[in-house]
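Examination of the molecular architecture
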Amino acid sequence: MLSAAFLIATSLQAQTPAPAPSTPPAPAAEAAPAAPLSVEERAAAAAERAAIAAERAAEASVRAAEAAERAAAVTAPPPAPAPAPAPATDKKQGEWDVTVGLGLISLTGNASTLTVSGLASAQRTTDNWIYAIKSYGSYGRSRPPEVTGEEAVSQVVAFNAGLELRGDRRFTEVISGYLLAGAETDHVKSVESRTFGEGGLGVLWWDEKKEKGRESYLRTDAAFRYANETRFQYYPTRMDLPDVDLGGPRFGAVFRYGLAQNVTFKEDVEVLVSVIGDSRMLFNSQTQLSVGLTKKLSLGTSFLVKHDSAPPPGKVSTDTALALNFEVML
């Protein structure tokens, strides 16, 4: 049986056209007939030609595959852009965010005044809870101008402090229920102590972080508060006063807005309408403008208004305070 290479070679030779006849040979001389090839030689030549043909076919297949890849790259849609990474924040969820502020007023000479005020707040937010602590305090003494031959005695002009604890259970990202407890004192206003408890509903209308560090935040509260107020007159003469209770609906709102980069406007307002005993209303408002000096330090000016429609005997109903504070974020 003949080999496959011999059959392929025979087929190729059969398809090759014979060369056109040239001028007839001279009759005088005849070329000597070529020696016929053996079967083994013809099979080897045919195998060599088959190998060359197979190599060319492989090269053609490679070129066709490359052309198909280029065509697919042209017609395929561009890859979707990778999602932008979330902006990095200094505070991770679950960590305490602490702010400490300090204010100081000092006058010396013909008159003498020293007033120190401080505040501190801390907040921790998780997926289901928000914990908040707030405290404040101030103390001040003032001596009027001396009269010749007499020495004026300094008097206390500020002596107050307060502490408040709050816990919010988040039902959704917007609505939460909360419990609040606190205590405060104000000797100048004849309030020895005021302890209170509160429960209610909080609504976070929006909390947005805008470009260049600007923010916008609004939260409102609707709750019921009960407080027991013990009264004692410290100035000008010490005198015991009857205690009072108050309780009723309380409405509050906290608003923050970034006016510009590192400049923030803050407003904290609350109203308590007492329905226990005599009619009474408490209104507190604190307006603050804060300017960031560094990443951790800011300078703020605040205006505080406290109104009590039924203050202790001998006291005015409205107190105001304008302060300049340095705040440090820890």
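**Considerations on the overall build of the protein**
Within the protein one finds 2 helices and 13 strands. Considering the protein as a whole, with its 330 residues, one finds that 25% of them fall into the buried category. Within the protein, contacts between residues separated by at least 24 positions form 50% of all contacts whose residues are at least 6 apart in sequence. Carbon and sulfur atoms make up 63% of the accessible area of the protein, which amounts to about 22,100 Å² in all.

**Thoughts on the environment of Ala321**
Structurally, Ala321 is set in strand 13 (residues 318-329). Since its relative accessible area comes to 36%, Ala321 is described here as partly exposed. The sequence separation of Ala321 and Phe303 amounts to 18 residues, and the corresponding C-alpha distance is 5.7 Å. Discounting residues that sit within four places of it in the chain, Ala321 has contacts with Ser302, Phe303 and Leu304.

**Brief notes about the environment of Gln233**
Mapped onto the secondary structure, Gln233 falls in strand 7 (residues 215-233). Residue classification places Gln233 among the buried residues on the basis of a relative accessible area of 12%. Taking the C-alpha atoms as reference points, Gln233 and Pro313, 80 residues apart in sequence, are found 9.0 Å from one another. Ignoring anything within four residues of it in the chain, the contact list for Gln233 reads Ser190, Arg238, Met239, Leu241 and Pro313. Only 3.0 Å separates the side chain of Gln233 from the backbone oxygen of Thr237, close enough to count as a polar contact.

**A closer look at the packing of aromatic side chains**
For the coordinates displayed, the defined rule picks out 6 aromatic pairs. Consider the rings of Trp129 and Tyr131, whose centres lie 6.1 Å apart with planes at 10 degrees: the pair is stacked. Between the aromatic rings of Phe255 and Tyr257, the centroid separation amounts to 6.5 Å while the plane-to-plane angle is 5 degrees, which identifies the pairing as stacked. Pairwise contacts between aromatic rings join Phe232, Tyr234 and Tyr235 into one cluster. Taking NZ or CZ as reference, Arg256 lies 4.3 Å from the ring centre of Tyr217, over its face.

**Focus: a nonpolar patch on the surface**
Together, Phe224, Tyr226, Val273, Val275, Ile276 and Met281 make up a nonpolar patch on the protein surface, roughly 510 Å² of accessible area in all. Among the secondary structure elements, Val273 is positioned in strand 10 (residues 263-274). You can call Val273 partly exposed: its relative accessible area is 33%.

**Description of the environment of Thr230**
Mapped onto the elements of the fold, Thr230 is located in strand 7. Separated by 35 residues in sequence, Thr230 and Thr195 have C-alpha atoms that sit 8.9 Å apart. With sequence-adjacent residues up to four places away left out, Thr230 is seen in contact with Val191, Glu192, Ser193 and Asp243. Engagement of the side chain of Thr230 in a polar contact is seen with the side chain of Ser193, the distance being 2.6 Å.

**Focus on the nonpolar core**
With 8 residues, the main nonpolar core is built from Tyr178, Leu180, Phe196, Ala223, Ala227, Leu246, Leu272 and Leu282. When contributions to this core are tallied by element, the ones reaching two or more residues are strand 5 (175-186) and strand 7.

**What to know about the side chain of Glu215**
Tracing the backbone through its elements, the reader meets Glu215 in strand 7. Ignoring any residue separated from it by four or fewer positions in sequence, one finds Glu215 in contact with Glu208, Lys209, Lys210, Arg256, Tyr257, Gly258 and Thr264.

**Here we look at the pattern of salt bridges**
In the structure shown here, the tally under the stated rule is 15 salt bridges. In this structure, the salt-bridge partner of Glu184 is Arg194, at a minimum N-O distance of 2.9 Å. Linking Glu184 in strand 5 with Arg194 in strand 6 (residues 191-209), this pair joins segments that are 10 residues apart in sequence. A salt bridge links Arg250 to Glu198, with the nearest nitrogen and oxygen atoms 2.9 Å apart. Placement of the pair is Arg250 in strand 9 (residues 244-260) and Glu198 in strand 6, with a sequence separation of 52 residues. For the pair shown, Arg250 and Glu198 are each scored as buried. In the salt-bridge network here, residues are joined through shared partners; they are Arg166, Asp168, Glu198, Arg219, Asp221, Arg225, Arg250 and Glu270.

**A word on the pairing of strand 2 (residues 112-125)**
The pairing of strand 1 (residues 96-107) with strand 2 spans 12 bridges and is antiparallel. Residue pairing in the sheet places Ile105 in a bridge with Thr115 of strand 2. Counted between consecutive antiparallel strands, the loop separating strand 1 from strand 2 contains 4 residues, among which Gly109 sits at a positive phi close to 125 degrees. Where strand 2 meets strand 3 (residues 129-143), 14 bridges bridge the pair, whose relative direction is antiparallel. Each bridged residue has a counterpart across the sheet, and for Arg124 the counterpart in strand 3 is Tyr131. Hairpin connection between strand 2 and strand 3: a loop of 3 residues separates the two successive antiparallel strands.

Parameters and conventions
Residues numbered from 1 in each chain as written. Predicted model: local features only at pLDDT ≥ 70, side-chain atom pairs only at ≥ 80, totals over all residues. Heavy atoms only, no water. Helix = DSSP H or I, 4+ residues; strand = E, 2+ residues; numbered from the N terminus. Buried < 20%, exposed > 50% of the residue type's maximum accessible area, 1.4 Å probe, protein only. Contact = heavy atoms within 4.5 Å. Areas by Shrake-Rupley, 256 points an atom, 1.4 Å probe, with all protein chains shown as cover. Polar contact = N/O pair within 3.5 Å; in protein donor to acceptor, adjacent residues only side chain to side chain. Phe/Tyr/Trp six-rings, centres within 6.5 Å; stacked < 30°, edge-to-face > 60°. Lys NZ or Arg CZ within 6 Å of the ring centre and 35° of its normal. Patch = residues over 30% accessible without salt bridge, like charges linked within 9 Å, V, L, I, M, F, W, Y side chains within 5 Å. Salt bridge = Lys/Arg side-chain N within 4 Å of Asp/Glu carboxyl O. Core = buried A, V, L, I, M, F, W, Y, C linked by side-chain atoms within 4.5 Å. Pairing = 2+ DSSP bridges.

Worth remembering: the numbers are spatial, not functional.
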